Amino acid sequence: MTARRAFRLPFATQDPAHARLVAAVAVTTGMLISTLFGQFIVHAFHAQTGLLAMAMFLSVQAGSMVKDATALARVVTTALLIPALMATIGLAALLSTHRPVVIGGFILLAGGAIWVRRFGPRAAAIGSLSFMGYFFTLFLKPSDSELPAFLLVAFGAAAAQLIVRAVLLIRRPRRELAVLLRELRSASGAAVRVSGTSPEKGRNTRALKSALAQLDKVGRAITTWQHQFETDRHVGIDEQTLAGQVLDARVDIEEACYERAQRADLPQLDASDFEPRRTHTQTALSAVLDERTKPIRVRAARAAAEELLGSTGAVTLDVETYLLARSVVSHARLREIDLTRGPREPRSLRPLPQAPSTAAFSDGIRQLEVAPAVAQKDASAAQPAALGLRGRWVPWRSWEPTSRMALQAMIAAGVAAGVGEAISASRWYWAVMTAFVIFIGATTRGSVLTRAYHRVAGTAIGIVIGIGAVTLVGHTTDLLVAVCLVAVFGMLYFGPLNYLYSSAFITTLLVSLYRILGVLDGSILEIRLIETISGAAIGVLCAYLILSTNSRVVLLEKVDAYFDAFGQLLAQVGTRWQGSRTDLMRSLQRLEGVQSDLEQAVVSSSAALIVTGPDESLTQIDAVHLMHVATRGAARLVQAQIGVVPEPAQDAAMDPAVDSAVREVSATMVAAHAVLHADHSSGSLSGDQQDARRTPLGESHTHVVDYLNDLASGDVASRDAVLALGRINWALRRIAGNTGTVSQYAQAILTSTFSARWHRNRSRS
């Protein structure tokens, strides 16, 4: 790997299709336009220099707060920000002579900005920027003569972002897909390299998990691209074929990485007889994943891999070589997609047999869902919705989260205003701003605590970085402006990854800005930190003491959505193509989406999980990790069922062994769901749930894999389906058992008996 590729790889996998990079550059450009326009207004109207800071911050907020799903919707939202901003500034200026009234309006607006989030991202952006406009009016206190310049600067801040958003409407779909496919190959190559290394103290499962997570992220970005554009209008392939081929590439690489990691950890499982063929296949995969490889060599590598896969009767392959060969074929197929021309006749998939209706199987799945989970849900449904986790009557727990948090934000803003003014009469707004912003995007008290922690830590780090930066560049204005631009870009590019980064960069921006304005000294930075700590503490106290609800309720909603999506997918597999292949792919995408939402909910409440205790935090993180393992098994299952990989044709009817394995996994899924509810709700387990905990964890997994011996045919797809179901069952049984650590779970996955059993059964056939 060249130094250039090694440098680009982390950014490519962390930022598929450069989406964050494009957004950061766009908003930073808008801020620069706004600042230049603000400087012109200041000189033309001889206005106060504080308007420059407002031009900068309002423009950044106008660009970063718009979160609509499509580019056109983001343009519309940005356009609507202008009249909303003008109205709130005018209202604040009108009420400025009546201090109690204007402060009361400020507090009400803080709550209103949180409450309107229930109406979607457009309302959330308008509410938040309206609060910012009101805040700057309250802070800078423009006189009647200064109000026109003030309004022009505010208008320019939002209009600059509108111009940039309009430019971003120009899209290059083929180019974007080409970048995504290139990043998919880069992420695949990184995962293969990580899986082949063996540290002195055992397999670094965390590194492998991270590499595979980046591969999944790129895959989801390709799915997003397909939702935004009609595939067959831009490239020579249809939507269903592209989705299936991307799934093949992801799953084949993942399975190969697990197998390589197992061999690296357990060299006694290796067989030297397979080494030459394995090495040759690894070389072919490296060539296919290398962007510099010429098409003729890619085609040759694919042909050799297909010949190897087709010679299973005459040649015995180890599992790693088999999976590597599949990976060569799947990635070579993606490289053959024509991204330079319009649509052509799509390459047909293997004929899909239509099975008769299997309503009885679907009824069986529904029967399984009755015990023990539905019994618990029915019992809880009979109770009032506002009952707390310990059975206490808590009426506000039935409210919408935005309603509760709106009241909390209003109270926090009011208290922070008083405390902030007591600390510093001229810098009180820092406490209010902190008390408000930690509620933005939060849905639970745990996420408020996490954002507060990140806000305080980021502020402290930003002060250190800012002092170092301004000391290095001195009083040179041009260099200080450059520091401001870098800080804004860093806030926009790294902020979505962690709010701590956003807080650190915005504080660095403030330090540089104060140096430009000539008001930077040690005391102002000390006040900044104290005000931030005060505002964060007030916000957290209001979240925990006023209309408080436990964060676990939201986590349980995410868990319910996850198991609902998983149950739907298993039901579709069981009905054997009751719907279409597209429906099955959409079910997998929905499962991956709710999995991502669940992981995000846990991350957003990470500080609260630590506060509750290391044991509970580890248990929840373990469960989420095991759900991720089950989701990856589901992807393998869908791949086997769709049958895009060129293998022997499937029979019209489902193999009875696969049918039995699906039923067993469905029962395990219901038990795991029930146990998670018991852990987070009443704290007590039913008899069935206690039995699920006491069942040896390896027993069910081994039993599912043993269905390989019961397969009625040598269909490789059925074999793959049983193996995928075995992995799913293993992870769900671990959730039901709720024992072990993350590293132990990952190690057990890598050292499971999948490979040995697969190889034995495959050799027999």
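The rules behind these values
Residues numbered from 1 in each chain as written. Predicted model: local features only at pLDDT ≥ 70, side-chain atom pairs only at ≥ 80, totals over all residues. Heavy atoms only, no water. Helix = DSSP H or I, 4+ residues; strand = E, 2+ residues; numbered from the N terminus. Buried < 20%, exposed > 50% of the residue type's maximum accessible area, 1.4 Å probe, protein only. Contact = heavy atoms within 4.5 Å. Areas by Shrake-Rupley, 256 points an atom, 1.4 Å probe, with all protein chains shown as cover. Phe/Tyr/Trp six-rings, centres within 6.5 Å; stacked < 30°, edge-to-face > 60°. Lys NZ or Arg CZ within 6 Å of the ring centre and 35° of its normal. Salt bridge = Lys/Arg side-chain N within 4 Å of Asp/Glu carboxyl O. Polar contact = N/O pair within 3.5 Å; in protein donor to acceptor, adjacent residues only side chain to side chain. Patch = residues over 30% accessible without salt bridge, like charges linked within 9 Å, V, L, I, M, F, W, Y side chains within 5 Å. Core = buried A, V, L, I, M, F, W, Y, C linked by side-chain atoms within 4.5 Å. Axes fitted to C-alpha atoms, helices over the stretch in contact; angles between N-to-C directions. Left-handed = near helix turned anticlockwise from the far one by under 90°. Expected span 1.5 Å × (residues − 1). Arc of directions from axis to C-beta. Parallel < 35°, antiparallel > 145°, perpendicular 65-115°, else oblique. Nonpolar A, V, L, I, M, F, W, Y, C, P; charged D, E, K, R; others polar. pLDDT = per-residue confidence, 0-100.

## Regarding the overall build of the protein
Here's step 1: Looking only at helices and strands, the protein has 32 helices and 0 strands in total.
Here's step 2: In the protein, buried positions account for 54% of the 765 residues.
Here's step 3: In the protein, the share of contacts with a sequence separation of at least 24, taken over all contacts with a separation of at least 6, comes to 82%.
Here's step 4: As displayed, the protein has an accessible area near 32200 Å², and 61% of this comes from carbon and sulfur atoms.

## Describing the packing of aromatic side chains
When we look at a pair of aromatic rings, we describe it by the centre distance and by the angle of the planes.
Here's step 1: Summed over the entire model, instances satisfying the criterion amount to 19 aromatic pairs.
Here's step 2: Relative to Phe229, the ring of Trp225 lies with its centre 5.5 Å away and its plane at 45 degrees, an arrangement referred to as tilted. Comparing Trp225 with Phe229, the two get one shared label, buried.
Here's step 3: One cation-aromatic arrangement involves Arg20 over Tyr493; the distance from NZ or CZ to the ring centre is 4.4 Å.
Here's step 4: Sitting above the plane of the Tyr499 ring, Arg451 keeps its charged end 4.0 Å from the centroid.

## Quick notes on the pattern of salt bridges
Here's step 1: Scanning the model with the defined rule gives 17 salt bridges in all.
Here's step 2: The partner of Glu291 in a salt bridge is Arg185, with the nearest N and O atoms 2.7 Å apart. Residue Glu291 is located in the loop between helix H12 (275–289) and helix H13 (295–310), and its partner Arg185 is located in helix H8 (residues 173–195); the two are separated by 106 residues in the primary sequence.
Here's step 3: Its salt-bridge partner being Glu592, residue Arg250 comes within 2.9 Å of it at the nearest N-O pair. With Arg250 in helix H11 (residues 239–265) and Glu592 in helix H24 (residues 581–604), this residue pair connects regions lying 342 residues apart in the sequence. Comparing Arg250 with Glu592, the two get one shared label, buried.

## Here's the deal with unusual backbone geometry
Note: most peptide bonds trans; most residues except glycine with negative phi.
Here's step 1: Here His46, not a glycine, exhibits a phi torsion of approximately 55 degrees, which is positive.
Here's step 2: Looking at the secondary structure, you find His46 in the loop between helix H2 (19–45) and helix H3 (50–64).
Here's step 3: Judged by relative accessible area, His46 falls into the exposed class, the value being 71%.
Here's step 4: The phi dihedral of Lys141 falls on the positive side, at around 50 degrees, and the residue is not glycine.
Here's step 5: As for its position among the elements, Lys141 is in the loop between helix H6 (121–140) and helix H7 (147–167).
Here's step 6: Relative accessible area serves as the criterion here: at 61%, Lys141 is assigned to the exposed category.

## Considerations on helix H18 (residues 429–437)
Here's step 1: Counting buried positions over the 9 residues of H18 gives 9, a clear majority of the element.
Here's step 2: Taken together, the buried positions of H18 are Tyr429, Trp430, Ala431, Val432, Met433, Thr434, Ala435, Phe436 and Val437.

## So, the environment of Arg74
Here's step 1: Relative to the helices and strands, Arg74 resides in helix H4 (residues 71–95).
Here's step 2: Spatially, the C-alpha atoms of Arg74 and Arg122 are 8.2 Å apart, while their sequence positions differ by 48 residues.
Here's step 3: In this view, Arg74 contacts Val66, Asp68, Ala69 and Arg165; residues no more than four positions away in its chain are not counted.
Here's step 4: At a separation of 2.8 Å, a polar atom in the side chain of Arg74 contacts the main-chain carbonyl oxygen of Asp68.

## Regarding a nonpolar patch on the surface
Here's step 1: A cluster of nonpolar side chains, namely Ile411, Val415, Val419, Ile423 and Ile530, defines an oily patch on the protein surface of about 330 Å² accessible area.
Here's step 2: In terms of residue count, helix H17 (residues 401–423) provides more of the nonpolar patch than any other element does, 4 residues in total.
Here's step 3: Structurally, the position occupied by Ile530 is in helix H22 (residues 522–545).

## Description of the nonpolar core
Here's step 1: Ranked by size, the top nonpolar core spans 95 residues in total, and within it Leu51, Met54, Leu58 and Phe439 carry the most contacts.
Here's step 2: In contact with Met54, not counting residues within four places along its chain, are Ser59, Phe136, Leu140, Phe150, Val153 and Ala154.
Here's step 3: Val559, Tyr562, Val573 and Leu732 belong to the second largest nonpolar core, which has 53 residues in total.

## Quick notes on the packing of H3 against H7
Here's step 1: One can describe the packing of H3 onto H7 by two numbers: an axis separation of 9 Å at closest approach and a directional angle of 35 degrees. For H3 against H7, the interelement crossing comes out right-handed. On H7, the residues touching Leu51, Met54, Ala55, Leu58, Ser59, Ala62 and Gly63 of H3 are Ala149, Phe150, Val153, Ala154, Ala157, Ala158, Gln161 and Arg165.

## A short note on the environment of Gly63
Here's step 1: As for its placement among the helices and strands, Gly63 is situated in helix H3.
Here's step 2: Placed 94 residues apart in sequence, Gly63 and Ala157 show a C-alpha to C-alpha distance of 9.2 Å.
Here's step 3: The contacts of Gly63, once residues within four sequence positions are left out, are Val27, Gln161 and Arg165.

## Describing H13
Residues spaced three or four apart along an α-helix point in a common direction, a consequence of the helix completing one turn every 3.6 residues.
Here's step 1: Between its first and last C-alpha atoms H13 spans 22 Å; for 16 residues at 1.5 Å apiece the expected length is 22 Å, and the two agree.
Here's step 2: Every buried residue belonging to H13 is among Val298, Ala301, Arg302, Ala305, Leu308 and Leu309, and all of these are buried. Projected onto a plane normal to the axis of H13, the buried residues spread over an arc of 125 degrees and lie on a single side. Among the exposed residues of H13, those pointing more than 90 degrees away from its buried face are Ile296, Glu307 and Gly310.
Here's step 3: Those residues of H13 that are buried lie in contact with H12 and helix H14 (319–335).

## Looking at the packing of H6 against H18
Here's step 1: Across the interface, H6 lies against H18 with an axial gap of 12 Å and an inter-helix angle of 170 degrees. As judged from the angle between their axes, H6 and H18 are roughly antiparallel. Facing Phe131, Met132, Phe135 and Phe139 of H6, the residues of H18 in contact are Tyr429, Met433, Phe436 and Val437.
Here's step 2: Broken down by class, the residue content of the contact of H6 with H18 amounts to 8 nonpolar, no polar and no charged.

## Thoughts on the confidence of the model for the protein
Here's step 1: The share of residues in the protein with pLDDT of 70 or more is 74%, and the mean pLDDT across the chain is 77.
Here's step 2: H7 holds the highest mean pLDDT among the elements of the protein, 95, whereas helix H15 (residues 359–368) holds the lowest, 34.
Here's step 3: Note on residues 343–391: pLDDT is under 50 here. Beyond four places in sequence and across chains, it has 85 contacts.
Here's step 4: Below a pLDDT of 50 lies the segment residues 692–702, which in the model reaches 26 contacts outside its immediate sequence neighbourhood of four places, other chains included.

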